[in-house]
Every structure is written in structure tokens, then in C-alpha cells.
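Now for the letters of each chain:
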Amino acid sequence: MCFCVFAVGRSVSWMELVMNLSPEEIRSLNDRFETEHPGRILEWVSEMFPVGSIAMATGFGAEGVALIDMTVSIDKGIPVFYLDTDVLFPETYKLRGELEKKYGIRIIRYATNITLAQQVELHGEKLWERNPDLCCNIRKVEPLREALRNYSGWITAIRREQSPFRANAGVVEWDKKFDLLKINPLAAWTKKDVWKYIAEHDVPYNPLYDKRYTSIGCVHCTTPVGAGEDERAGRWRGFRKNECGLHLAEPLTAQGRDNQ
Ligand code: SF4
């Protein structure tokens with residue numbers, strides 16, 4: 001394992017190194033990785049992080065499956081996990097099984113302890129129709145917080161061009177919200193890059209993409225998009241909401257409907 005990228009001439013533990021990356025060091029890593037292939041970035045991750053200290057999160061989108069294929073081909077020891085809201089599409093659960101079978105991995109499930117029935121008791125019926133931020137916080141953000149307690153870094157499949165909130169994503173970032181290193185190997189990739197990779201590597205993907213879905217989350221908050229619509233226009237349709245909160249620095253606040 002080589003730590004020389006950060007600390008020349010002194011011996012440091014990987015934990016000390018990761019926890020003490022300066023903004024300049026993170027900037028330098030971003031300069032270095034900006035034009036690198038994501039696979040090369042994952043090779044670096046595999047060299048830098050001891051087994052089990054960094055994990056990849058996936059929502060089983062097109063980017064996520066491409067990244068699983070890359071990650072597994074480089075280092076099968078990097079854990080892959082997902083957040084089960086209990087209301088993902090049947091196609092998504094089926095895809096999870098296909099990926100596990102194809103790559104010989106187990107994709108770790110993290111979820112809230114609050115069942116859908118308990119959520120109704122606590123917050124009423126169909127919370128996602130009244131306060132999707134609260135619902136996302138319960139079913140996604142807090143389970144992610146629990147998941148990330150097990151790691152010192154996480155790998156995500158976000159791309160800059162997906163949304164204005166993601167436009168400034170670095171390849172390497174300090175995640176202030178969850179207090180660990182965040183690696184976004186696909187930050188600079190385009191949608192075309194992702195689908196080219198999927199086709200060339202015969203990666204299983206969610207069949208909903210062939211039915212005009214362009215971003216896939218929970219059943220209740222995802223719709224197909226029309227011609228010319230934004231990639232994430234089908235998510236939380238009718239609300240001024242574009243993110244579930246996993247990649248936002250600030251906590252979610254209740255966002256109103258579009259017409260309010
Ligand atoms: S996407 Fe919708 S159903 Fe899923 S957690 Fe968020 S608000 Fe709830």
C-alpha cells in the first residue's frame with residue numbers, strides 16, 4: 001500500500017491520512033483524477049484503503065450498475081450496499097439479484113427500522129405525497145448515516161451533469177454531512193459515457209430505462225419523463241425537490257409543491 005501521494009517522508013496510518021487530508025491535498029487529488037478513467041480511480045481506492053474500510057453505495061441506476069461492474073473487476077473486496085426503502089420497484093429488486101448472481105457478490109442491505117405501517121402510525125398515510133423530505137430522511141438519509149458508521153470512505157455513482165446540486169461534485173471530497181471521505185469516480189462522465197460502458201461490458205440494467213424512465217428511485221416518487229424533460233424530472237414530480245438528501249450538505253427541509 002502506498003501513502004506517498006499525501007505524505008512524503010513520514011510514516012502515517014491510513015486512518016490518520018484519510019482523516020487529515022487538507023483541502024490542498026484534496027484539490028491535488030482532484031487535479032490528478034479529473035481526466036482519469038473511473039476504473040483508474042477505483043484502482044487507486046483499492047490500493048489506498050484497507051479491505052472493508054470503504055464501501056460503494058448503489059441505487060441500482062445506470063451509473064450504479066456500471067460502477068459495480070468496474071469495482072468488482074478491480075477489487076471484489078470493496079463492499080457494495082444499497083438503501084432499501086421498502087418501496088423500490090420490483091424491477092429494481094430483481095436487478096439486485098441479477099447483479100449478485102452475475103458478479104458473485106452480496107449487495108448489503110441497509111434500511112430503517114421503521115416499517116411502512118409504523119410510518120403510517122407516526123406520520124399518517126402516504127407521507128411521500130405530503131412531506132417527501134421527511135419520508136426520504138426516514139427511509140434513506142438516516143439509514144445511510146447508520147451504514148456509513150462502518151466505513152471511513154464511500155464511493156458513489158453521482159455525475160455532475162445529473163442536476164444543479166451535483167454540478168460541482170469533485171472526484172474526491174470530504175463529506176461534511178457524514179464526516180468521511182467521498183469518492184465520485186463518475187463525476188466527469190456524461191450519460192453517453194455510462195451507456196457506452198454498459199453496452200460494451202454487457203452490464204445488466206433496470207428495464208424501466210427502456211420505458212422512458214431516466215432516473216429511478218422509489219415506486220411512489222418516480223415517473224417516466226417526456227421528450228425534452230430534464231433527466232431527473234420524473235422524480236418527486238409536482239414538488240420542488242430534486243434530491244433525496246444523500247448528496248446534499250444541508251439537511252432536507254420540507255419543500256413545497258411546484259404550484260405553492
Ligand atoms: S423517494 Fe419517495 S418513497 Fe422513497 S424515501 Fe423518498 S419520499 Fe419516501
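Scroll up for the structure.
Conventions and cut-offs
- Residues numbered from 1 in each chain as written.
- Predicted model: local features only at pLDDT ≥ 70, side-chain atom pairs only at ≥ 80, totals over all residues.
- Helix = DSSP H or I, 4+ residues; strand = E, 2+ residues; numbered from the N terminus.
- Contact = placed C-beta atoms within 7 Å.
- Pairing = 2+ DSSP bridges.
- Axes fitted to C-alpha atoms, helices over the stretch in contact; angles between N-to-C directions.
- Buried ≥ 20, exposed ≤ 12 C-beta atoms within 10 Å, placed from the backbone.
- Expected span 1.5 Å × (residues − 1).
- Near = placed C-beta within 6 Å.
- Parallel < 35°, antiparallel > 145°, perpendicular 65-115°, else oblique.
- Left-handed = near helix turned anticlockwise from the far one by under 90°.

Caption draft 1: Spotlight on the overall build of the protein chain. Per the secondary structure count, the protein chain includes 9 helices and 6 strands. Look at the contacts in the protein chain between residues 6 or more apart in sequence, and 70% of them connect residues 24 or more apart.

Caption draft 2: A look at the sheet that holds strand β6 (residues 180–183). The strand order across the open sheet formed by 6 strands is β3-β2-β1-β4-β6-β5, and the pairing between neighbours is mixed. Strand pairing shows two members of the sheet lacking a second neighbour, β3 (108–110) and β5 (172–175), which therefore form its edges. Between one strand axis and the next, the sheet turns through 30 degrees on average, direction left out of account. Across 3 bridges, strand β4 (residues 153–155) lies against β6 in parallel orientation. When the sheet's bridge partners are listed, Trp 154 is paired in β6 with Lys 182.

Caption draft 3: Representation of the pairing of strand β1 (residues 54–58) in the model. Across the 5 residues of β1, 5 count as buried, placing the element largely inside the fold. Of the two faces of β1, the one carrying Ile 54, Met 56 and Thr 58 and the one carrying Ala 55 and Ala 57 are both buried. As paired strands, β1 and strand β2 (residues 80–83) are joined by 3 bridges and run parallel to one another. Along β2, the bridge assignment pairs Met 56 with Val 80.

Caption draft 4: View of helix α4 (residues 62–74). Across its 13 residues, α4 extends 19 Å between first and last C-alpha, which sits within 8% of the 18 Å expected from 1.5 Å per residue. Burial runs high along α4: 10 of the 13 residues are buried. Taken together, the buried positions of α4 are occupied by Ala 62, Glu 63, Gly 64, Val 65, Ala 66, Leu 67, Ile 68, Asp 69, Met 70 and Thr 71. As for α4, its buried residues are in contact with α3 (38–48), β1, β2, α5 (90–103) and α9 (191–201).

Caption draft 5: Structural context of the site of the ligand. In the vicinity of the ligand, 13 residues are found, and the nearest of them are Pro 132, Cys 135, Cys 136, Cys 218 and Cys 221. If you tally residues by element for the shell around the ligand, the top one is helix α8 (residues 132–148), at 5 residues.

Caption draft 6: How the structure looks around the packing of α3 against α4. Orientation of α3 relative to α4, taken along the N-to-C sense of each, is 45 degrees, at an axis distance of 10 Å. In terms of orientation, α3 lies oblique with respect to α4. Of the two elements, α3 crosses α4, and the hand of that crossing is right-handed. Along the contact surface, α3 presents Pro 38, Gly 39, Leu 42, Glu 43 and Ser 46, while α4 presents Met 70, Thr 71 and Ile 74.

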